Amino acid sequence: MSVRPKPKVTVVLANLGTPDAPTAPAVRRFLKQFLSDSRVIEIPKPIWWVILHLFVLTFRPKRVAEAYASVWSNDSPMREIVLEQTRLVKQRLQDENHQFDLTVLPAMTYGQPSIYNVFEQLQKDPQEHVILLPLFPQYSATSTAPLYDAFSKWIPTQRHLPGLTLIKDYYQHPMFIQALADSVLTYQAQHGKPEKLLMSFHGIPQPYADKGDPYADRCRITAQFVAEALHLNEDEWAVSFQSRFGKQEWVKPYTDVVLQQWGEQKVKSVQVLSPAFSADCLETLEELAIENKETFQHAGGGEYAYIPALNSDQAHIDLLASLVQANLDALTHTLAHR
């Protein structure tokens, strides 16, 4: 009796992206790709082309490259973390799913390793099924949707398509909430409990939310659940949004404004958590940990600390593996043989 081959399944862990190096040319290439996406910038293309090429890509790369250099080690922090997350999730899933020929790949929407490199690999080695896990806990059309777009461009070019599962997000998953709460408690066990806990999320323009992007509402739900898990009173925590770009209104309250106000109120101690980021990056390690600390303390505030993202924490790997495993379990009824 011949042995039937195991069904081939690829899992893709995808984050937003990062430059190849902390240099102005590398940052310029990254920003050009990122900010040319109409999901990210909804200004009419002819107008935005002029702004992007004459102003943004002329003046911004040098300043952003300097910021990247302040957090760069052997590689971009985000890329290092995503590669480690992929290795650990792969190890976990392969140990538990012997009925599949399982591959786990990292990907970035912009930059390397590119989602389009994943498509090239799928072209060379056709799969029965692909599971895409965007590493964005809260869905947004500005972050998660571009990965959907990438698949939609690839699909019409293929004759033998795999089954496809897209995991939208996990903003209120109990394992996610508990992992965040535990990360706060672990940090506070060593550094003490602050007067205020600020949960700062990456922002989006307010018009995007007005048009139906659910991101901001999902962020607030995440924050509320974490606060409840930590048994915090209303005056012990707040939610805010960071990383504004351009002059239009973004979802509020703004992180720097909240910290400015708390500094002026002489708040004695603040700890900041960023539950929108599955991996530490420029926006957390430089903007949150350094820039906003200066804002708070220059305004008169006291102690300030940034609590790291979940990164490759065991509880985070457990969560990511569990999200994928639920879909692999479903595939056992349609793909795997016993």
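Residues numbered from 1 in each chain as written. Predicted model: local features only at pLDDT ≥ 70, side-chain atom pairs only at ≥ 80, totals over all residues. Heavy atoms only, no water.

Going by an unreviewed UniProt entry, the chain carries the name Ferrochelatase and comes from Acinetobacter beijerinckii CIP 110307. On record in UniProt, under Function (unreviewed entry), the comment for the chain is "Catalyzes the ferrous insertion into protoporphyrin IX." A UniProt comment under Pathway (unreviewed entry) is attached to the chain, and it reads "Porphyrin-containing compound metabolism; protoheme biosynthesis; protoheme from protoporphyrin-IX: step 1/1." (UniProt positions renumbered as here; feature names shortened; annotations may be inferred.)

Colleague: Lay out the packing of helix α2 (residues 45-71) against helix α10 (residues 282-298) in plain terms, naming residues and giving numbers.
Modeller: Each pair of packed helices can be described by the angle between their axes along with the distance between the axes. Packing of α2 against α10 brings their axes to within 9 Å, and their N-to-C directions diverge by 95°. Here α10 runs roughly perpendicular to α2, going by the angle between their axes. Residue-level contacts link V64, A67, Y68, S70 and V71 of α2 to L282, L285 and E286 of α10. Considering only residue class, the contact of α2 with α10 consists of 6 nonpolar, 1 polar and 1 charged. (Axes fitted to C-alpha atoms, helices over the stretch in contact; angles between N-to-C directions. Helix = DSSP H or I, 4+ residues; strand = E, 2+ residues; numbered from the N terminus. Parallel < 35°, antiparallel > 145°, perpendicular 65-115°, else oblique. Contact = heavy atoms within 4.5 Å. Nonpolar A, V, L, I, M, F, W, Y, C, P; charged D, E, K, R; others polar.)

Colleague: Can you explain the packing of helix α6 (residues 174-191) against helix α11 (residues 314-331)? Please cite residues and give values.
Modeller: Close contact between α6 and α11 brings their axes to 9 Å; oriented N to C, the two are set at 170°. The angle between α6 and α11 falls in the class roughly antiparallel. Contacts between α6 and α11 involve M175, F176 and A179 from the first element and A315, D318, L319 and S322 from the second.

Colleague: I'd like to hear about the packing of aromatic side chains, residue by residue, with values.
Modeller: When we look at a pair of aromatic rings, we describe it by the centre distance and by the angle of the planes. This model, assessed by the stated rule, comprises 11 aromatic pairs. On the numbers, 5.3 Å between centres and 85° between planes, the contact of Y170 with F176 is edge-to-face. Ring centres 6.1 Å apart and planes at 40° place the aromatic pair F201 and F241 in the tilted group. Here F201, found in strand β5 (residues 196-202), pairs with F241, found in strand β6 (residues 237-242); they are 40 residues apart in sequence, far enough to count as distant. For the pair F201 and F241, a shared accessibility class is recorded, and that class is buried. Three or more aromatic residues joined by ring pairs form one cluster here, namely Y116, F119, F151 and W154. The ring centre of Y139 lies 4.9 Å from the NZ or CZ of K168, which sits over that ring. Directly above the ring of Y254 sits R244, whose terminal nitrogen or CZ lies 3.8 Å from the centroid. (Phe/Tyr/Trp six-rings, centres within 6.5 Å; stacked < 30°, edge-to-face > 60°. Buried < 20%, exposed > 50% of the residue type's maximum accessible area, 1.4 Å probe, protein only. Lys NZ or Arg CZ within 6 Å of the ring centre and 35° of its normal.)

Colleague: Kindly report on the pattern of salt bridges, identifying the contributing residues and their values.
Modeller: Per the counting criterion, the structure on display carries 12 salt bridges. In this structure, the salt-bridge partner of D125 is K8, at a minimum N-O distance of 2.6 Å. With D125 in the loop between α4 (115-124) and β3 (129-134) and K8 in strand β1 (residues 8-18), the pair connects residues that are 117 residues apart, well separated along the chain. With a closest N to O distance of 3.0 Å, K211 and E42 form a salt bridge. Of this pair, K211 sits in the loop between α7 (206-210) and α8 (215-229) while E42 sits in the loop between α1 (24-35) and α2, and the two are 169 residues apart along the sequence. Judged by its relative accessible area of 65%, K211 is exposed. (Salt bridge = Lys/Arg side-chain N within 4 Å of Asp/Glu carboxyl O.)

Colleague: Could you give an account of the layout of surface pockets, with specific residues and numbers?
Modeller: Think of a ball as big as a water molecule: rolled over the atoms, this probe shows where empty space is left. Empty space within the second largest pocket amounts to approximately 220 Å³. If you trace the second largest pocket, you find 13 residues lining it, with D37, Y110, Y116, P146 and K153 closest to the centre. For the lining of the second largest pocket, the secondary structure elements donating two or more residues are β2 (101-111), α4 and α5 (145-154). The element that contributes the greatest number of residues to the lining of the second largest pocket is α5, accounting for 4 residues. Of the residues in the lining of the second largest pocket, the class split is 5 nonpolar, 4 polar and 4 charged. (1 Å grid on protein atoms, 1.4 Å probe; cavity = no way out; pocket = protein on both sides within 12 Å on 5 of 7 lines; lining within 4 Å. Points joined across faces, edges and corners; volume = space filled by probe spheres on them.)

Colleague: Explain α10 residue by residue, including any values.
Modeller: Residues separated by three or four positions in an α-helix point in the same direction, a consequence of the helix having 3.6 residues per turn. The largest bend in α10 amounts to roughly 30° and is located at L288. Here α10 has its buried residues at L282, T284, E286, E287, L288, N292 and F296. Contact partners of the buried residues in α10: α2, β5, β6, α9 (255-264), β7 (269-273) and β8 (303-306). Phi turns positive one or two residues past the end of α10, at G300, with a value near 115°. (Bend = angle between axes of the 7 residues up to and from the residue.)

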